[in-house]
Amino acid sequence: MPRRSLGMSSPGNVSMTTDWNPNLYLKYANERTQPSLDLIARIGLGQPDRIIDLGCGTGNSTEALRRRWPGADVTGLDNSAKMLETAARDFPAGKWVQADINAWTAETPYDLVFSNATLQWVKGHAALIPRLFAQVAAGGALAVQMPHSGKMAVRKLILATADDPAWRERMGAARNATAIDSSEAYYDLLAPLSPRLDLWETEYLHVMADPEAILEWIRATSLRPFLDALASADERAAFEAQLRGRIDAAFPVRADGKRLFPFMRLFFVAYR
């Protein structure tokens, strides 16, 4: 059963019109970082020597890995120059590499290959996940967290808005910008390869001030492909206005005036 808790690194591999906005992404830094902390806490490795954080973004998850294993050589990898500039500014002691996960392979296997809120932007998981697992050294682990968009109400609201006749025909690429399979699919991929596989889902309940706050959250990530598909600022404003109305109806006001924003995430740790 999903666990609920009140409450990311950057998606470093999707090609869109605009680059990632570190300032917007960090607006909810604590909430985005918490899943990486929860994933790190579940990794059953003693003292890994070499760790790589794929899709490290602004470096929050990479720094958390460094705090957990201060003796390890920890590298953050992302394809966004802006995100890496922010990571290097905020964590100058870190080791940062700009690269594309689709083309990345390890020269020497890592004791921990880690990825937080990134692989949903990379297509072809049936090939990708075994390939990433192959970069893990004997006795090491592949640890991954992804937003489980197929199980989230806000994703359905975005898709309903994208179906408006005014822009429906332009939304094909946006609808397919992210890729995440079922929990069972990841089990079937990894169970034949890994002698020990931990897999779980957690639904976080984020306390948000109002519908605009929820819109701002998704504007930094999952909404980006849909806004990029639109031709003008007026169209983007119209799209957001429709979506804001749906959000207002879907996430009702609580007694204290706040909204609860449910956000489902999928986690797995596969040991070699």
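Remember, predicted model here, so these are calculated numbers, not experimental data. (Residues numbered from 1 in each chain as written. Predicted model: local features only at pLDDT ≥ 70, side-chain atom pairs only at ≥ 80, totals over all residues. Heavy atoms only, no water.)

Peer 1: Help me understand the overall build of the chain in this model?
Peer 2: Helix and strand counts for the chain come out as 11 helices and 8 strands. Every one of the 272 residues in the chain was classed for burial, and the buried ones make up 55%. With the model as given, the accessible surface of the chain reaches about 11,400 Å², and the carbon-plus-sulfur share is 52%. (Helix = DSSP H or I, 4+ residues; strand = E, 2+ residues; numbered from the N terminus. Buried < 20%, exposed > 50% of the residue type's maximum accessible area, 1.4 Å probe, protein only. Areas by Shrake-Rupley, 256 points an atom, 1.4 Å probe, with all protein chains shown as cover.)

Peer 1: Just checking my understanding: could you explain the packing of helix 6 (residues 153-162) against helix 11 (residues 233-250) for this structure?
Peer 2: Two quantities define a packed helix pair, namely the angle between the axes and the distance from one axis to the other. With their axes 9 Å apart at the nearest point, helix 6 and helix 11 run at an angle of 140° to one another. Here helix 11 runs oblique to helix 6, going by the angle between their axes. The handedness of the crossing between helix 6 and helix 11 comes out as right-handed. Along the contact surface, helix 6 presents Leu157, Ile158, Ala160, Thr161 and Ala162, while helix 11 presents Phe239, Gln242, Leu243, Arg246, Ile247 and Ala250. Here the residues of the contact of helix 6 with helix 11 are counted per class, giving 8 nonpolar, 2 polar and 1 charged. (Axes fitted to C-alpha atoms, helices over the stretch in contact; angles between N-to-C directions. Parallel < 35°, antiparallel > 145°, perpendicular 65-115°, else oblique. Left-handed = near helix turned anticlockwise from the far one by under 90°. Contact = heavy atoms within 4.5 Å. Nonpolar A, V, L, I, M, F, W, Y, C, P; charged D, E, K, R; others polar.)

Peer 1: Explanation requested: the environment of leucine 45 in the structure shown.
Peer 2: With respect to the helices and strands, leucine 45 occurs in the loop between helix 2 (29-42) and strand 2 (50-54). Along the primary structure leucine 45 and leucine 112 are separated by 67 residues, whereas in three dimensions their C-alpha atoms are 8.5 Å apart. Beyond its immediate chain neighbours, meaning those up to four positions away, leucine 45 contacts Arg68, Trp69, Asp111, Leu112, Gly139, Gly140, Ala141 and Tyr271.

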